[in-house]
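# Architecture and fold: a report
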Amino acid sequence: MRSALLLLLFLSTGCVNSESTPDDVAPWLNPRWVAQESGTDALIIGMHAVDDQVVWASGQRGTFVRTTNGGSTWTAGVVPGADSLEFRDVHGITADMAYLLSAGTGDASRIYKTVDAGTTWTLQYMNEEPDGFFDCMSFWDADRGIAMSDAVDGEFILISTADGGATWTRIDPAVVPDAFPGEGSFASSGTCLITMPGGHVWFGTGASGVETRIISSADYGQSWQASGTPLASDTPSSGTYSLAFWDHDHGLALGGDYARRDTLLPSVAFTEDGGKTWQLTASFPLKGSVYGSSTVPGMPTPTVVAVAPTGSAYSYDGGHTWAPLDTLNYWTVAFAGADVGWAGGPNGRIARFSAE
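The text that follows walks through the structure, step by step, so that each part is easy to find. (Residues numbered from 1 in each chain as written. Predicted model: local features only at pLDDT ≥ 70, side-chain atom pairs only at ≥ 80, totals over all residues. Heavy atoms only, no water.)

## A few points about the overall build of the protein chain
- Helix and strand counts for the protein chain stand at 1 helix and 28 strands.
- Residue burial in the protein chain is summarised as follows: out of 356 residues, 61% are buried.
- Total accessible area on the protein chain is roughly 12,800 Å²; 50% of this is exposed by carbon and sulfur atoms.
- In the protein chain, the 16 positive side-chain charges and the 39 negative ones have mean positions that sit 6 Å from each other. (Helix = DSSP H or I, 4+ residues; strand = E, 2+ residues; numbered from the N terminus. Buried < 20%, exposed > 50% of the residue type's maximum accessible area, 1.4 Å probe, protein only. Areas by Shrake-Rupley, 256 points an atom, 1.4 Å probe, with all protein chains shown as cover. Lys, Arg positive; Asp, Glu negative; His and termini not counted. Charge placed at Lys NZ, Arg CZ, Asp CG, Glu CD.)

Okay, structure coming up:
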């Protein structure tokens, strides 16, 4: 959200899901991050793992980075004419095709697409609402996607495409729950809105002073419902920052308050009914606010990794209990397999996960 953008940057100086959980995958022996060379010093904010070899990331100063060999080498670039933009979300489709979303007020919120591995980019959408501020996007497949903005005049702005971004159309505000005054989302990692197969989509909110909500649809955005969570929403900097789901019923809402960076807060809530109801989990080791999260496909139990400026942590039991990974500053994380994941953060930081 617009009020969060500048403070998030001051405080700093999407995800792959799978229903397969093979029984022969053992818990991690010595989980840690191993640094890789990204080729940029820009803040890395968004990340999406297409598979165990192809990963796209995005960030400040119009930057994108990409690997096609599991991170052994990364190639960094800047979208022409976009070097002033904050690319806070990225969704990779293949090694050659990806979408970028920039966050900012008015026409600083844009969507770009490449089909040639970032050699060229097409501007597909530019926000024309002066008070609009886009936070997140996600895609069900190569053609069908959705993006959301903070509310304007009490109505969230949600746009969708069914033709690979050739056209983006606003979803009728009449079918979306009205926003509370001040309510919005946080553009901290591109995971405040997520999709799953079959038309499922969720986005998280905060900053309203009323309650933190999860707003969801099970029919590609044709109808929506809202539910409150126990996460705090009592300040402009508090609420849900990231969502992670294992299936249509089981998921987590993760957040906190980035302005209280030295405080342990109730930061994680779980749902077992697709987001209709939420309950707080046990204590969480990271102070301040979670910025990004990713479920981990291929694990024998529901596993998730969360990252924040104050460190990273993981859970083997659907977010009920947690263990710390380290204390490095990461904003975004994406996993493609049981021991295949990456995280990104300030000064071009990118690291690959190691389980041993």
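## Quick word on the sheet that holds strand S1 (residues 32-36)
- A sheet is described by the order of its strands in space; here 4 strands give the open sequence S1-S28-S27-S26, paired in antiparallel fashion. The open sheet has two edge strands with one neighbour each: S1 and strand S26 (332-337). The mean inter-strand angle of the sheet, taken between neighbouring strand axes irrespective of direction, is 25°.
- In the sheet, S1 pairs with strand S28 (residues 350-354) via 5 bridges, with the strands oriented antiparallel. Within S28, the residue paired with arginine 32 across the bridge is serine 354. (Pairing = 2+ DSSP bridges. Axes fitted to C-alpha atoms, helices over the stretch in contact; angles between N-to-C directions.)

## Here we look at the pattern of salt bridges
- Scanning the model with the defined rule gives 4 salt bridges in all.
- Measuring nitrogen to oxygen at the nearest pair gives 2.7 Å for the salt bridge that ties arginine 213 to glutamate 183. Separated by 30 residues along the polypeptide, arginine 213 in strand S16 (residues 212-217) and glutamate 183 in the loop between strand S13 (169-170) and strand S14 (193-196) bring together distant segments of the chain.
- On the basis of relative accessible area, arginine 213 is assigned to the buried category, the value being 7%.
- Glutamate 183 sits in the buried class, given a relative accessible area of 3%.
- Among the charged side chains, a network of salt bridges with common partners joins Asp234, Asp257 and Arg260. (Salt bridge = Lys/Arg side-chain N within 4 Å of Asp/Glu carboxyl O.)

## Structural notes on the environment of methionine 299
- With respect to the secondary-structure elements, methionine 299 resides in the loop between strand S22 (292-295) and strand S23 (304-308).
- The spatial distance from the C-alpha of methionine 299 to the C-alpha of tyrosine 316 is 8.5 Å, given a sequence separation of 17 residues.

## What about the packing of aromatic side chains?
- Taken as a whole and assessed by the stated rule, the structure comprises 27 aromatic pairs.
- Seen in terms of ring centroids, tryptophan 33 and phenylalanine 353 are 5.7 Å apart; in terms of plane orientation they differ by 75°. Their pairing is edge-to-face. Here the residue tryptophan 33 occupies a position in strand S1, and phenylalanine 353 occupies one in strand S28, the gap between them amounting to 320 residues.
- A ring pair is formed by phenylalanine 156 and phenylalanine 203, whose centres lie 5.3 Å apart and whose planes are at 70°; its orientation type is edge-to-face. One end of the pair, phenylalanine 156, is in strand S12 (residues 155-161); the other, phenylalanine 203, is in strand S15 (residues 200-204), and 47 residues separate them in sequence.
- Through a chain of ring-to-ring contacts, three or more aromatic side chains come together here, namely Trp28, Trp33, Tyr314, Tyr316, Tyr330, Phe335 and Phe353.
- Its end group placed over the ring of phenylalanine 180, arginine 213 keeps NZ or CZ at 4.1 Å from the ring centre. (Phe/Tyr/Trp six-rings, centres within 6.5 Å; stacked < 30°, edge-to-face > 60°. Lys NZ or Arg CZ within 6 Å of the ring centre and 35° of its normal.)

## Description of the side chain of threonine 332
- Mapped onto the fold, threonine 332 is located in strand S26.
- Here the side chain of threonine 332 touches isoleucine 45 through a polar contact of 3.4 Å, landing on its backbone oxygen.
- Setting aside anything within four residues of it in sequence, one finds threonine 332 in contact with Ile44, Ile45, Gly46, Met47, Ser189, Val307, Trp342, Ala343 and Gly344. (Polar contact = N/O pair within 3.5 Å; in protein donor to acceptor, adjacent residues only side chain to side chain. Contact = heavy atoms within 4.5 Å.)

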